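Letter by letter, the chains look like this.
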Amino acid sequence: METLSENACFGGTQGVYSHASQSCACDMTFGLFLPREASDGPVPVLWYLSGLTCTHENAMVKAGAQAWAAEHGIALVFPDTSPRGDDVADDEAYDLGKGAGFYVNATQDPWAPHYQMWTYITEELPKVLDHGFAVDLSRQAITGHSMGGHGALTMAMALPGRFKSVSAFAPISHPTASEWGRKQLTAYLGADESKWIGHDATLLMQENGFDGPVLIDTGTQDQFIDLLNPEALAQAIASRRQQATLRMQPGYDHSYFFVSTFMEEHMAFHADALYA
Ligand SMILES: N[C@@H](CCC(=O)N[C@@H](CS)C(=O)NCC(=O)O)C(=O)O
């Protein structure tokens, strides 16, 4: 692993690291904020999965999460959203290929050799963190924005017991019924829709639910709201009677101005679960 940068930040350290990823078969970069408490021993972890077009950097510099993570003594992980490199397949569209890995393990060409983001986030990166940093993987929570909200919700529900809490900012909520979903799931997983079920938060909510608290915010002025389909997930939550708080935030759009506005509340929500 290579340290690309380390900066003092709210009493802790904001680092950026690169490592050779086995699952993605390329070098991967991630951001990690460690609060001051990490110098005394392992601290709980909040994963932040980013949205379309993002790298590890967008949320790290724009979500304003470190201040609140420092207050609660929680580490923040900012993974990249796709494999990278000259030999990695890509597409001209911003919502497929690099920057748009959709947090799945691709089975189709030309994506399968590198686009293994599910395994990267759920298996490989946790081991990298465990070996290299003072993080306590028995206390993990997960959040994300848009495509990353989709990743956070699907991972939380598919891996019972892994995460104490899950939240999302403007998540893609029902990708099997949206053009932010059908296009990518067809490309990465193939046309057989039975293979898509584990990557749809609404379907997973109907089938599994989540054994813990759920918090979801979406802006009423989100320019992508028809693609996000928050109402489908709301219906699944209601019919399951899942413990959850869903909020439509008046006037807010899809941007990091929206994410950063509600970050303090999401951090407090996860701190409650991580320190329960
Ligand atoms: N049309 C937009 C769609 C992509 C978009 O809005 N991405 C969101 C996540 S879905 C984002 O976080 N973009 C990067 C940023 O705001 O820093 C674009 O081409 O950039």
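Residues numbered from 1 in each chain as written. Predicted model: local features only at pLDDT ≥ 70, side-chain atom pairs only at ≥ 80, totals over all residues. Heavy atoms only, no water.

The name an unreviewed UniProt entry assigns to the protein is S-formylglutathione hydrolase, from the organism Roseobacter insulae. In its Function (unreviewed entry) section, the UniProt record describing the protein reads: "Serine hydrolase involved in the detoxification of formaldehyde." Regarding the protein, the relevant UniProt record gives this comment under Catalytic activity (unreviewed entry): "S-formylglutathione + H2O = formate + glutathione + H(+)". (UniProt positions renumbered as here; feature names shortened; annotations may be inferred.)

Caption draft 1: Structural context of the sheet that holds strand β1 (residues 2-9). Strand order in the open sheet formed by nine strands is β1-β2-β3-β5-β4-β6-β7-β8-β9, and the pairing between neighbours is mixed. Because the sheet does not close on itself, it has two edges, and the strands there are β1 and β9 (245-249). When the angles between neighbouring strand axes are averaged without regard to direction, this sheet yields 20°. When β1 meets strand β2 (residues 12-21), the two strands line up antiparallel, connected through seven bridges. Pairing of glutamate 6 across the sheet is with glycine 15, part of β2. Strand contacts of helix α2 (residues 65-72): β1, β2, β3 (26-34) and β5 (75-79), with the helix running at about 145° to β5, the strand carrying the most contacts. (Pairing = 2+ DSSP bridges. Helix = DSSP H or I, 4+ residues; strand = E, 2+ residues; numbered from the N terminus. Axes fitted to C-alpha atoms, helices over the stretch in contact; angles between N-to-C directions. Contact = heavy atoms within 4.5 Å.)

Caption draft 2: Structural detail: the UniProt feature "active site" (unreviewed entry) in the protein. When the UniProt feature table is mapped onto this chain numbering, "active site" (unreviewed entry) sits at Ser146, Asp222 and His254. Look at the named residues: they lie 109 residues apart in sequence, but the longest C-alpha span between them is just 10.7 Å, so in the fold they bunch up. On the secondary structure map, serine 146 appears in the loop between β6 (135-144) and α4 (147-158). For serine 146, a relative accessible area of 2% puts it in the buried group. With residues up to four places along the chain from it excluded, the contact list for serine 146 reads Gly51, Phe169, Ala170, Pro171, Ile172, Trp180, Leu228 and His254. In this structure aspartate 222 touches Ala170, Leu228, Tyr252, Asp253 and His254, once residues within four positions along its chain are discounted. (Buried < 20%, exposed > 50% of the residue type's maximum accessible area, 1.4 Å probe, protein only.)

Caption draft 3: Structural view of the nonpolar core. Ranked by size, the top nonpolar core spans 87 residues in total, and within it Phe30, Leu32, Trp47, Ile142, Leu153 and Tyr188 carry the most contacts. Looking at this core, the element that brings in the most residues is helix α9 (residues 256-274), giving eight residues. Setting aside residues up to four positions removed in sequence, tryptophan 47 forms contacts with Val77, Pro79, Ile121, Leu125, Pro126, Leu129, Gln140, Ala141, Ile142, Thr143 and Phe163. (Core = buried A, V, L, I, M, F, W, Y, C linked by side-chain atoms within 4.5 Å.)

Caption draft 4: Looking closely at the state of the cysteines. Under the defined criterion, the tally for this structure stands at zero disulfides. Among the cysteines around cysteine 24, which has no disulfide bond, cysteine 26 carries the closest sulfur, lying 5.2 Å off. Counting only cysteine sulfurs, cysteine 24 is the nearest neighbor of cysteine 54, a cysteine outside any disulfide, at a range of 17 Å. (Disulfide = S-S within 2.5 Å.)

Caption draft 5: Structural view of α2. All of the buried residues along α2 are Ala65, Gln66, Ala69 and Ala70. Buried residues in α2, looked at end-on, bunch into an arc of 130°, giving them a common side. Tucked inside the fold, the buried residues of α2 contact β1, β2, β3, α1 (57-62), β5 and α9. Following α2 by one or two positions, glycine 73 adopts a phi angle in the positive range, close to 70°. (Arc of directions from axis to C-beta.)

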